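Structural description and commentary
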Amino acid sequence: MIPVRLLTGALLLTLGTSAVAETTLRIGIQDDPDVLDPHRSRTYAGRLVYAALCDKLVDVTPKLTYDPDLATSWSWSDDNQTLTMKLRDGVTFHDGEPFNAEAVKYNLERARTLPDSLRKSELASVDNVEVVGPLTVAIHVKQPDATLISQLSDRAGMMLSPKAAEGDFASHPVCSGPYKFDQRVQQDRIVLSRFDNHWSKAAYHFDKVVYLPIPDTSVRLANLRSGDLDIIERVAPTDVKTAKADSNLQVFNTPGLGYMQLIVNVANGEKANNPMGQDKRVRKAFELAIDREAINQVVFEGLYAPSNQPFPKDSSYFDESLPMPARDVEKSKALLAEAGVKMPVNVQLTVANNPIAQQVGQIIQAMTSEAGFNVNLVATEYATLLSEQQAGNFQIGMSAWSGRPDPDGDVHQFVTCKGAQNDGHACFPELDELLNKARTVNDEAQRKELYSKALRIIADQDANIYLYFDPRIIAMNKKVSGFVPNPDGIIRLKDVQFAQ
Amino acid sequence: MLTFILRRLLSAIPTLILVSLFVFTLQKLLPGDPVLAMAGEERDPAVVNYLREKYHLNDPMPIQYLSWAKGALTGDLGMSLRTEQPVSQLILSKLPVTIELAVLALLVALLIGIPTGIVSAIRKGTALDYGANVVALSGISIPNFWLGIVLIMIFAVKLQWLPASGFVPFSESPSRNLQTLLLPAFVLGTGLAGTLMRHTRGAMLEVLRSDYVRTARAKGLFPMAVVLKHAFRNALMPIVTMTTLLFGELLGGAVLTEQVFSIPGFGKMIVDAVFNRDYSVVQGVVLCVAIGFVLLNLLADVLYRLINPRLRNAA
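Throughout, a residue's number is its position along its own chain's written sequence, starting from 1. Ligands are numbered from 1 and chains lettered from A, in the order in which they are written. Local features in this predicted model are restricted to residues whose pLDDT is 70 or higher, and side-chain atom pairs enter the listing and the counts only when it is 80 or higher, whereas totals over whole chains, interfaces and linings include all residues. To obtain the side-chain values, all non-hydrogen atoms of the structure were used and water was disregarded.

**Brief notes about the overall build of chain A**
So the rule is basically this: Comment: elements are numbered from the N terminus, with helices defined as DSSP H or I runs of at least four residues and strands as E runs of at least two. Only the C-alpha atoms count toward the radius of gyration. The rule for a globule is 2.2 Å times the residue count to the power 0.38. Note on exposure labels: buried denotes an accessible area under 20% of the residue type's maximum, exposed denotes more than 50%, and partly exposed covers the range between, all computed with a 1.4 Å probe on protein chains only. The method behind every accessible area is Shrake-Rupley, applied with a 1.4 Å probe, and residues are considered shielded solely by the protein chains displayed.
Along the backbone of chain A there are 16 helices and 21 strands. Taken against the 2.2 N^0.38 rule, which gives 23 Å for 500 residues, the C-alpha radius of gyration of chain A at 25 Å falls within 12% of a compact globule. Principal-axis analysis of the C-alpha atoms gives chain A an extent of 90 × 65 × 35 Å. The buried share of chain A, reckoned over its 500 residues, is 58%. Carbon and sulfur atoms provide 53% of the accessible area of chain A, an area that totals close to 19,700 Å².

The structure is reproduced here in structure tokens:
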């Protein structure tokens, strides 16, 4: 009898404590973030953590429009030279410092001037920041910049405590987000805990949020299934079936912003001297030999979104009148004959040395061989790939871009003559003109027209061949409710909670 | 014995210098630029140049090596390019994890490898011997990452007895710590047990054939005493060599196993560092592992002397 009583007692005790027990949300992420300083960090994994740690001036909605966050409203001056923002009242940073116009000025200056800031190019148009009132700030730009709001919706618009930013920020980041930094064990976990003075604390329901980097996709899923994790991101398409079959799990599959493209070396050094680099008919023949939907079905279980544009379908800049060309081997052969090239056309395709990229490369190799191409597939490790491409040591490079909500970030730096990521050195002055102009126009319809013209030049030249958009697949335990997926794949924790 | 140890330690210094030089040169020969990997998707040229200057990557190679070596002598192994943490601190945070996993894995390997090795030697040619061989060979040939995932599926997802992956430090919760290390230690241990079993079996067979074992048997000693006291003790030398070598290998990091179980040890750190061209981390970890190897070799030599009186007296 006594043991039974003891047991019941113990049970009651556990029930009692669990009612007041801490709620911890455990999120499995694909890789370990780099430095936790929004102005200096570069990894996607870092952005996942910032979503809980740092507030931004504005946030981007699932429809890729912009919502107030720390800035409650904003407006451009008539000459489009000044962006005035009204700031939220009563916001404090995790260290108790107040958030105000001075803090905004400090942060934007830091992002613009810190020697190793990676936000410089994002804020390149900013001339100076003026404190108009305690909660009003005016950002003066050198030339009209339609992309600025979009930049402020990501790391460039995250607000750090000025006091903490002067010290060793990365080892103890201090922002104003709903969760504050607790501890970090490299390659193991990042722990955040509830910030009780957050301006919207009622919308955040966990005592602790733990981010655990687990690189292997199937192990990440196994952790979710065993209950060791509550949410996982970047679920592999091949794992989706398993996740959906598990009655304890729910899967969110949202079309993403990130795309894969083939970059052709047309003018970067010796390696550009081949039919592919020199004749756009050969490039068109290459594109026409590829069946994008087949790649999607074979490698991605039909879950990806094949595309011939750098803008996702959800973007208002997506051009409906530029349809994705269907595979046409006959036309491809005809183009090669017209170009009068020696058959087969030998060409080197460089891909990252991960299984997925290699598989895509092999399918392209097989498909284009039917039209008369002889593709030599070179799988290269990531860091090497970057420097080889920049040095022009490639003919066609397959590279991924994580995508931006504003169209400029998806295209300008890749295709303009002096673009930082234009590794193939393709240069079409007419295209530069259109894209430079699109940067300065705030009117959406006008802007869309400029981008549509630009997209036609890109499609005609085929120096950049877009293949597909990858979705953001997030899986979670069914007890998690309130999650709203966003094309950027970032896990926002507002209203997310465990079901009662 | 003390002079022997000191002499061995001194003679290790040139080895360590050579190792560090070799790794340094090899890394610089690798294609790929750490700064490009660090500068993010945008690769802003101004940032790229600043970072090159900041980390002295524009300096001539000998100068880069000398400044690293100067720091290393005072215990400063430089900063990680990727996370901006001191390398020595990173190593100190991973070392206990790596050592703990290595010890547990070795324990599993010894517990399986030595008894099966002895049994299959004394029962040579019987079904028991063949059975032990099959077990040993499958341990060696089953890929660790596959076994790892299968075990996770069984013990974490289906039975829910153990956590699927991750690591809890001993200081935080000893029981959780053991739970998180059980599967990885088992996976690593079974992989090594096969090698140990084969070595034990070979050494035992050789000793069992020798005259003094026949004499001991002829004296009418218990078979168990013959095997354990006379034969096994003399078969120990190659086993000790093998065990220290295996331990050294484990200290170098069990890359795949750590990856599958998300154990934050050396293996994961060095792979990430190589992919990101985080030179100082690679350099620091390799130096540390080399020191580990030197010490283990020394330990093996000391153990030889303890086991074998002839060596002890020769010194």
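**Considering the pairing of strand 1 (residues 24-29) of chain A**
Residues and elements named next belong to chain A. Basically, it comes down to this: Two strands are counted as paired when DSSP detects at least two bridges linking them.
Of the pairings in the sheet, the one linking strand 1 to strand 10 (residues 208-213) comprises 6 bridges and is parallel in character. The residue bridging Gly 28 from the neighbouring strand is Leu 212, located in strand 10. Relative to strand 11 (residues 231-232), strand 1 is paired through 2 bridges, and the arrangement is parallel. Bridge pairing in strand 11 places Gly 28 opposite Ile 232.

**Points about the sheet that holds strand 5 (residues 82-87) of chain A**
Residues and elements named next belong to chain A. We apply this condition: To get an axis, fit a line to the C-alpha atoms, keeping to the stretch in contact for a helix; angles then go from 0 to 180 degrees between the N-to-C directions. Every residue pair with non-hydrogen atoms within 4.5 Å of one another is taken to be in contact.
Pairing in this open sheet of 4 strands is antiparallel, and the strands run 4-5-7-6 from one edge to the other. One side of each edge strand has no neighbouring strand; the edge strands of this open sheet are strand 4 (71-76) and strand 6 (126-133). With strand direction ignored, the average angle separating the axes of adjacent strands in the sheet is 20 degrees. Two elements, strand 4 and strand 5, share 5 bridges in a ladder whose sense is antiparallel. In the strand pairing of strand 5, Ser 73 is matched with Lys 86. On top of the sheet, helix 3 (residues 101-113) reaches strand 5, strand 6 and strand 7 (136-141); it is set at about 170 degrees to strand 6, its chief contact.

**As for helix 16 (residues 444-461) of chain A**
Residues spaced three or four apart along an α-helix face the same direction, because each turn holds 3.6 residues. Residue and element names in this part refer to chain A. Short version of the rule: Multiplying 1.5 Å by the residue count of a helix minus one yields the expected span of that helix. Pairs of N or O atoms within 3.5 Å make up the polar contacts considered here, provided that, within protein, one atom can donate a hydrogen while the other can accept it, and that residues adjacent in sequence are counted only when both atoms are side-chain atoms.
A rise of 1.5 Å per residue sets the reference length of helix 16, with its 18 residues, at 26 Å; its end C-alpha atoms lie 26 Å apart and thus fit the reference within 8%. Buried within helix 16 we find Arg 447, Leu 450, Tyr 451, Ser 452, Ala 454, Leu 455, Ile 457, Ile 458 and Gln 461. On its buried face, helix 16 sits against helix 9 (280-288), helix 14 (408-415), helix 15 (429-440) and strand 18 (464-469). The opening residue of helix 16, the one whose side-chain oxygen lies 3.4 Å from the backbone nitrogen of Ala 445, is Asp 443. In the segment just after helix 16, Asp 462 is the residue with positive phi, at about 55 degrees.

**With respect to the UniProt feature "transmembrane region" (unreviewed entry) in chain B**
All names here are of chain B. Operational definition: UniProt positions are given in the numbering used here, feature names are shortened, and annotations may be inferred rather than shown by experiment.
According to UniProt, the "transmembrane region" (unreviewed entry) feature falls on residues 12-30, 101-122, 134-157, 177-196, 239-261 and 281-304. A helix fraction of 95% and a strand fraction of 0% characterise residues 12-30, whose end C-alpha atoms lie 27 Å from each other. Within the segment residues 281-304, helix and strand shares are 100% and 0% respectively, and the terminal C-alpha atoms sit 34 Å apart.

**Topic: the state of the cysteines**
Residue and element names in this part refer to chain A. The condition is simple: Only a pair of cysteine sulfur atoms within 2.5 Å qualifies as a disulfide here.
Counting across every chain of the model gives 2 disulfides over all chains. In this model, Cys 54 is linked to Cys 175 through a disulfide, with the two sulfur atoms separated by 2.1 Å. Between Cys 54 and Cys 175 the sulfur-sulfur dihedral comes to about 55 degrees; the bridge is accordingly right-handed. Of this pair, Cys 54 sits in the loop between helix 2 (44-53) and strand 2 (58-60) while Cys 175 sits in the loop between helix 5 (162-165) and strand 8 (179-185), and the two are 121 residues apart along the sequence. Note on accessibility: Cys 54 and Cys 175 belong to one class, buried.

**Observations concerning the UniProt feature "domain: Solute-binding protein family" (unreviewed entry) in chain A**
The UniProt record marks residues 66-421 of chain A with the feature "domain: Solute-binding protein family" (unreviewed entry), using the residue numbering of this structure. In residues 66-421 of chain A, the share of helix is 29% and the share of strand is 24%. The end C-alpha atoms are 27 Å apart.

**Focus on the domain arrangement of chain A**
Residues and elements named next belong to chain A. Convention followed: Each domain span listed reflects an automatic or database assignment of domains. Note on terms: buried area is the combined drop in 1.4 Å-probe accessible area of two parts once they are placed together, counting the loss on both. Salt bridges, as used here, are contacts in which a Lys or Arg side-chain nitrogen is within 4 Å of a carboxyl oxygen on Asp or Glu. Gly falls in the polar group here, along with every residue not listed as nonpolar (Ala, Val, Leu, Ile, Met, Phe, Trp, Tyr, Cys, Pro) or charged (Asp, Glu, Lys, Arg).
Per the domain assignment, the segments of chain A are domain 1 (9-53 + 177-256 + 472-498), domain 2 (58-163) and domain 3 (259-469). Centre-to-centre, using C-alpha coordinates, domain 1 lies 35 Å away from domain 3. Across the contact, 11 residues belong to domain 1 and 9 residues belong to domain 3. Note on domain 1 versus domain 3: buried area summed over both sides is about 720 Å², and carbon and sulfur give 55% of it. The largest per-residue losses of area from domain 1 upon contact with domain 3 belong to Pro 237, Asn 253 and Gly 256, which jointly make up 48% of the total buried on that side. Where domain 1 packs against domain 3, one counts 1 salt bridge. One salt bridge in this structure joins Glu 301 and Lys 241, with 3.8 Å as the shortest N-O distance. At the junction of domain 1 and domain 3, the tally comes to 0 residue pairs in polar contact (both at pLDDT 80 or more). If you list the elements that add at least two residues to the side of domain 1 that touches domain 3, you get helix 7 (237-245) and strand 19 (472-477). Tallying contributions element by element places helix 7 first for the side of domain 1 that touches domain 3, with 4 residues. Here the residues of the side of domain 1 that touches domain 3 sort into 5 nonpolar, 3 polar and 3 charged.

**Quick look at the sheet that holds strand 9 (residues 189-194) of chain A**
Residues and elements named next belong to chain A. On the basis of which strands lie adjacent, the open sheet formed by 7 strands has the order 8-9-10-1-11-19-12 and mixed pairing. Edge positions in the sheet fall to strand 8 and strand 12 (249-254), since each has one partner strand and no second. In the sheet, strand 8 pairs with strand 9 via 6 bridges, with the strands oriented antiparallel. Paired with Phe 181 across the bridge in strand 9 is Leu 192.

**A look at the confidence of the model for chain B**
Defined as follows: On a scale of 0 to 100, pLDDT captures the predictor's confidence in every residue.
When pLDDT is averaged across chain B, the result is 85; 97% of the residues are at 70 or more. The complex prediction reports pTM at 0.83, with the ipTM value standing at 0.76.

**Quick word on the packing of aromatic side chains**
Residues and elements named next belong to chain A. Just so we agree on the cut-off: Each Phe, Tyr or Trp ring, with Trp reduced to its six-membered ring, pairs with another whose centre is within 6.5 Å; inter-plane angles below 30 degrees give stacked pairs, above 60 give edge-to-face pairs, and intermediate values give tilted ones.
Tallied over the entire structure, the rule returns 17 aromatic pairs over all chains. Seen in terms of ring centroids, Phe 206 and Phe 498 are 4.9 Å apart; in terms of plane orientation they differ by 70 degrees. Their pairing is edge-to-face. Placement of Phe 206 in the loop between strand 9 and strand 10 and of Phe 498 in strand 21 (residues 497-498) is noted, with a sequence separation of 292 residues between them. The burial state of Phe 206 is the same as that of Phe 498; both residues are buried.

**So, the interface of chain B and chain A**
With 45 residues of chain B at the contact, the number on the chain A side is 43 residues. For the chain B and chain A pair, buried surface summed over both sides reaches about 3,800 Å², with 48% attributable to carbon and sulfur atoms. Across the contact surface, chain B and chain A share 2 salt bridges. A salt bridge links Lys54(B) to Asp116(A); the shortest N-O distance between them is 3.7 Å.

**Here's the deal with the side chain of Ser125(A)**
All names here are of chain A. As for its position among the elements, Ser 125 is in the loop between helix 3 and strand 6. Note on Ser 125: relative accessible area 5%, which makes it buried. Not counting the four nearest positions on each side in its chain, Ser 125 is found in contact with His 140, Val 141, Lys 142, Gln 143, Asp 145 and Leu 148.

**A word on the pairing of strand 10 of chain A**
Residue and element names in this part refer to chain A. Taking burial as the measure, the 6 residues of strand 10 include 5 buried ones, the bulk of the element. Pairing between strand 9 and strand 10: 4 bridges, direction antiparallel. For Val 191, the partnering residue across the bridge sits in strand 10 and is Val 210.

**Concerning the packing of helix 7 (residues 144-158) of chain B against helix 8 (residues 174-208) of chain B**
Residues and elements named next belong to chain B. Convention followed: Crossings are assigned a handedness: left-handed for a near helix turned anticlockwise from the far helix by less than a right angle, right-handed for a clockwise turn.
Here helix 7 crosses helix 8 at 145 degrees, and the two axes come no closer than 10 Å. The chirality of how helix 7 crosses helix 8 is right-handed. Taking contact as the criterion, the partners of Asn 144, Leu 147, Gly 148, Leu 151, Ile 152 and Phe 155 in helix 7 are, on helix 8, Leu 183, Phe 186, Val 187, Leu 188 and Thr 190. Its residues assigned to classes, the contact of helix 7 with helix 8 comprises 8 nonpolar, 3 polar and no charged.

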